[in-house]
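Architecture at a glance
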Amino acid sequence: MKRTLIALLVLALAATSLAASASQGGVTVPVAQEQSVQKALNTMYTKAQLASGKIYVGTGTCLSCHAQAAGFLDTYHPNALRKPMGMYTLQPLKGVLANSLGGAQDDFIMGLDFNTKTGTPFDALKPNAPILSYNAGNDTYWIQLGPSGLKVQVVATWAGMSEGNGQRYMVRIPVSDRSTGSAGIYFAPFAWGGTSYSSNASSWYNGSTPKYTPGIASSALVPLQGQNYLATCSGCHITGIKAVGTTTAGEKFVTPFPAVIVPQNSPDYPDLVGDGKGYLAGIGCESCHGPGSAHVAGNGDITQIINPADITNNQQRSEVCLQCHVQVASAPTKMWGFPYDEVNGKPFIISNPPDPLSQYQVFTGGKWPDGVHYISARIDDFQSSLHFQGSHGIACNDCHNAHRLTANGTNQVRDSITRSGNTYTNTNVDDDSFCMSCHHAPYFVGSYNITAKDIQGWKKSGFEAPIPDKIRAAIESHTHHPYGAANPDGSPRDLGISRCVTCHMAPESGHGDVGGASHTFWPSRPQDTIAFKDTTGLAYGGTGNVNSCASSCHRNQVRMWTDIQIDNSSPNNKFGAGYMNGAATGLANHLVQYFGPGGAWWNTTPAAKPNGK
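Residues numbered from 1 in each chain as written. Predicted model: local features only at pLDDT ≥ 70, side-chain atom pairs only at ≥ 80, totals over all residues. Heavy atoms only, no water.

1. Things to note about the side chain of Thr75
If you trace the backbone, Thr75 turns up in the loop between helix 4 (59-63) and strand 2 (81-82). Discounting residues that sit within four places of it in the chain, Thr75 has contacts with Leu93, His403, Arg404, Leu405 and Gln412. (Helix = DSSP H or I, 4+ residues; strand = E, 2+ residues; numbered from the N terminus. Contact = heavy atoms within 4.5 Å.)

If you want it as structure tokens, here you go:
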């Protein structure tokens, strides 16, 4: 809350003396001084440029009028890409979190030298292992490849959203032919995993010898382009793309839009270009609403800005999210690691109706052999769901609130829903009331005829309201699992085993481990684990076919059959016959008796399933 209040105060102000010109970039705003946002914009752009509707003005400009949306600043979207600043050391959502030394400050400020440590991922790099440092004089973070090696500045951090969260570091490399350093910024030789480091040394070292040394030219960085953050990721992590290209030396670059207003002491505007200015990093208002310059130039003309809620087709409305929450590259040749129309040379910009995403992106993930569920993806699998394909017309924003944190946590699942003329308050994912706000009658009929009024009455008393017996019984009749009970010692027994999301959003994809929350909403089936047991060569070494019963619970949490051992190495993507002496398929042979053809609980005959996409 403090962050939001400070940001609102600062964002509503601008400098009384705006010496910046269009060539100088954004204005750093002292709290004590005032100036209109419009005047700040006029120092950078002509009236014609602003009226064109092609200029991104930044979240600060938006919030100077739309103060009611200030809760957006507390979400992950605007805070993921940041400038490292010593004043925010070890502060989630703001500062550097790496802290293997367990000190009161991060490892950079503490001067961690991996050459003096043993048992780290960098032992084989000695005596040239990374050395971390911090310059308090100009508030900069540094990594050096050994005592006399190349020293690179950390210009931005990615993630570090909560305590224990991982974080990556992007560096600019000094080169002999560019006074501002490399055109790209590169993933550092390591990442922070929340409790320890992981190594990215193979991109930076040959054995223990650094590949890159002081005095190199930028042409030497061509082999490092796979680690160029600007080329691989930035398009979905910044607010608007001004230009993309490749230097004559072979470095790829992406130019963001400069910030109009940079709040005092804000870490949210790193210098991504190397010219000393702050840029529109993070996912801002205009990432979803489109460039705001014409809206501002038109004194708030609502016809000059996109409101995604006005896009009536649910699949088109979902493009607002699916432009980035997917595993894709640019179309058609995958030159860039984000949506971009290479043929026409333009990034995806939301419109109403929006362009088809196929013009900008090519899927680079992978599916399980069943053709419906995804082994390597983000939220691409939503496109295989009946929510997306069906007649009810469900879009991402029907379930998620993009503008604020909710009582359901950082995934921003709505805690209040209006659907078919009924409003449901205090909707909670963990007690099933969120899903049941839509999925009541006719889904629970007969003696369990759960109606809209039943759900509304249950949740009227609060977010954690105890579940009525009638609704509990209805849920258990569907799940065949206890909703929640007491253990023999009287302690709560609540494993989430009767929760909608446990089965319908089971973990199914990842980079070797299955995780996340499936958005097909169609539980993957034990019968497919059996049918595809001999399949190998899937993404990240996966085998077989996932099933929701195993990936959520029965593989590593609940041992129901003595002939099947618990897989303590799970979560992983190994479901084939060759894994653990066939334990995955053996487990599926038990599970299919309950969820499968002729299943005692859920009969999959006929084997109906949604069309894979």
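2. Considering the pairing of strand 6 (residues 167-172)
The buried fraction of strand 6 amounts to five of the six residues, a majority that puts the element mostly inside the structure. Summarising the sheet, strand 5 (residues 151-159) and strand 6 pair through six bridges and their orientation is antiparallel. Its bridge partner being in strand 6, Trp158 is matched across the sheet by Arg168. When strand 6 meets strand 7 (residues 186-192), the two strands line up antiparallel, connected through four bridges. Within the sheet, the bridge partner assigned to Gln167 lies in strand 7 and is Trp192. (Buried < 20%, exposed > 50% of the residue type's maximum accessible area, 1.4 Å probe, protein only. Pairing = 2+ DSSP bridges.)

3. Describing the confidence of the model for the protein
For the protein, the mean per-residue pLDDT works out to 90, and 90% of the residues sit at or above 70. The low-confidence segment residues 1-34 (pLDDT under 50) makes 79 contacts with residues lying over four places distant or belonging to another chain. (pLDDT = per-residue confidence, 0-100.)

4. Some remarks on the state of the cysteines
Tallied over the full model, the rule gives one disulfide. Residue pairing for Cys236: its cysteine sulfur links by disulfide to Cys324, the two sulfurs lying 2.4 Å apart. Where Cys236 bonds to Cys324 through sulfur, the torsion about that S-S bond is close to -95°, and the disulfide is left-handed. Remark: Cys324 occurs in the loop between helix 9 (319-322) and strand 14 (328-330) and Cys236 occurs in the loop between helix 5 (229-232) and strand 11 (241-246); sequence separation between them is 88 residues. Residue Cys236 is classed as buried on the basis of its relative accessible area of 14%. By relative accessible area, Cys324 is classed as partly exposed at 24%. Cysteine Cys399 remains unbridged, with the sulfur of Cys438 as its closest cysteine sulfur at 7.1 Å. (Disulfide = S-S within 2.5 Å.)

5. A word on the packing of aromatic side chains
Applying the stated criterion across every chain, the model contains 24 aromatic pairs. Residues Phe595 and Trp602 carry aromatic rings whose centres are separated by 5.9 Å and whose planes lie at 85° to one another, so their mutual orientation is edge-to-face. Grouping aromatic residues by their ring pairs yields a cluster made of Phe108, Phe114, Phe122, Tyr134, Tyr141, Tyr169, Phe190, Trp192 and Tyr197. Seen from the ring of Tyr483, Arg499 lies directly overhead, with NZ or CZ sitting 4.2 Å from the centre. We note Arg555 situated over the ring of Phe575; from NZ or CZ to the ring centre the distance is 4.0 Å. (Phe/Tyr/Trp six-rings, centres within 6.5 Å; stacked < 30°, edge-to-face > 60°. Lys NZ or Arg CZ within 6 Å of the ring centre and 35° of its normal.)

6. Focus: the environment of Gly345
Examined against the element boundaries, Gly345 turns out to sit in the loop between strand 15 (340-341) and strand 16 (346-347). For Gly345, a relative accessible area of 44% translates into the label partly exposed. It is 32 Å that separates the C-alpha atoms of Gly345 and His519, two residues lying 174 residues apart in sequence.

7. So, the nonpolar core
Among the nonpolar cores identified, the biggest contains 32 residues, and Phe108, Tyr169, Val171, Ile173, Tyr197 and Trp204 are the most heavily contacted of them. For this core, the elements supplying multiple residues, two or more each, are strand 4 (140-145), strand 5, strand 6 and strand 7. Counting residues in each nonpolar core, the second largest holds 18 residues, with Leu81, Ala156, Phe187 and Ile241 among its members. (Core = buried A, V, L, I, M, F, W, Y, C linked by side-chain atoms within 4.5 Å.)

8. A short note on the side chain of Ser498
Its location among the elements puts Ser498 in the loop between strand 23 (492-493) and helix 15 (500-504). With relative accessibility at 0%, the residue Ser498 sits in the buried group. A polar side-chain atom of Ser498 sits 2.6 Å from a polar atom in the side chain of Thr479. Here the side chain of Ser498 touches His481 through a polar contact of 3.1 Å, landing on its backbone oxygen. Those residues in contact with Ser498 that sit more than four places away from it in its chain are Asp432, Ile475, Glu476, Thr479, His481, Pro482 and Tyr483. (Polar contact = N/O pair within 3.5 Å; in protein donor to acceptor, adjacent residues only side chain to side chain.)

9. Some thoughts on the pattern of salt bridges
Inspection of every chain in the model, using the stated rule, returns eleven salt bridges. When the shortest N-O distance is used, the salt bridge between Arg419 and Asp398 registers 3.7 Å. Of this pair, Arg419 sits in strand 20 (residues 416-419) while Asp398 sits in helix 11 (residues 396-399); the two residues are 21 residues apart in sequence, bridging distant segments of the chain. Judged by its relative accessible area of 21%, Asp398 is partly exposed. (Salt bridge = Lys/Arg side-chain N within 4 Å of Asp/Glu carboxyl O.)

10. Looking at helix 18 (residues 583-591)
The element helix 18 is largely enclosed, with a buried count of eight among its nine residues. Listing the buried residues of helix 18 in full gives Ala583, Ala584, Thr585, Gly586, Leu587, Ala588, His590 and Leu591. Packed against the buried residues of helix 18 are helix 16 (526-531), helix 17 (548-554) and strand 24 (595-596).

11. A word on the pairing of strand 11
Looking at chain direction, strand 11 and strand 12 (residues 252-256) are connected through five bridges and run antiparallel. Within strand 12, the residue paired with Thr246 across the bridge is Lys252. A loop of five residues connects strand 11 with strand 12, the two strands running antiparallel in sequence, and Gly250 in this loop sits at a positive phi of about 105°.

12. Thoughts on unusual backbone geometry
Residues Asn352 and Pro353 are joined by a peptide bond in cis, for which omega reads 0°. Looking at the element boundaries, Pro353 is found in the loop between strand 16 and strand 17 (361-363). Residue Ser570 is joined to Pro571 through a cis peptide bond whose omega torsion reads 20°. With respect to the helices and strands, the residue Pro571 is situated in the loop between helix 17 and helix 18. In this structure, Asn581 is a non-glycine residue whose phi angle is positive, near 55°.

13. Let's talk about helix 13 (residues 452-459)
Along helix 13, the residues that are buried comprise Ala452, Ile455, Trp458 and Lys459. What you see down the axis of helix 13 is that its buried residues fit within an arc of 135°, all on one side. Turning to helix 13, the residues buried within the fold contact strand 21 (422-425), helix 12 (433-436) and helix 14 (469-479). (Arc of directions from axis to C-beta.)

14. What about the environment of Tyr269?
Here Tyr269 shows up in the loop between strand 13 (261-263) and helix 6 (285-289). C-alpha of Tyr269 to C-alpha of Gly282: the two residues are 13 residues apart in sequence and 8.2 Å apart in space. For Tyr269, the contacting residues outside a window of four places in its chain are Gly60, Ala259, Ile261, Val262, Pro263, Gly278, Tyr279 and Leu280.

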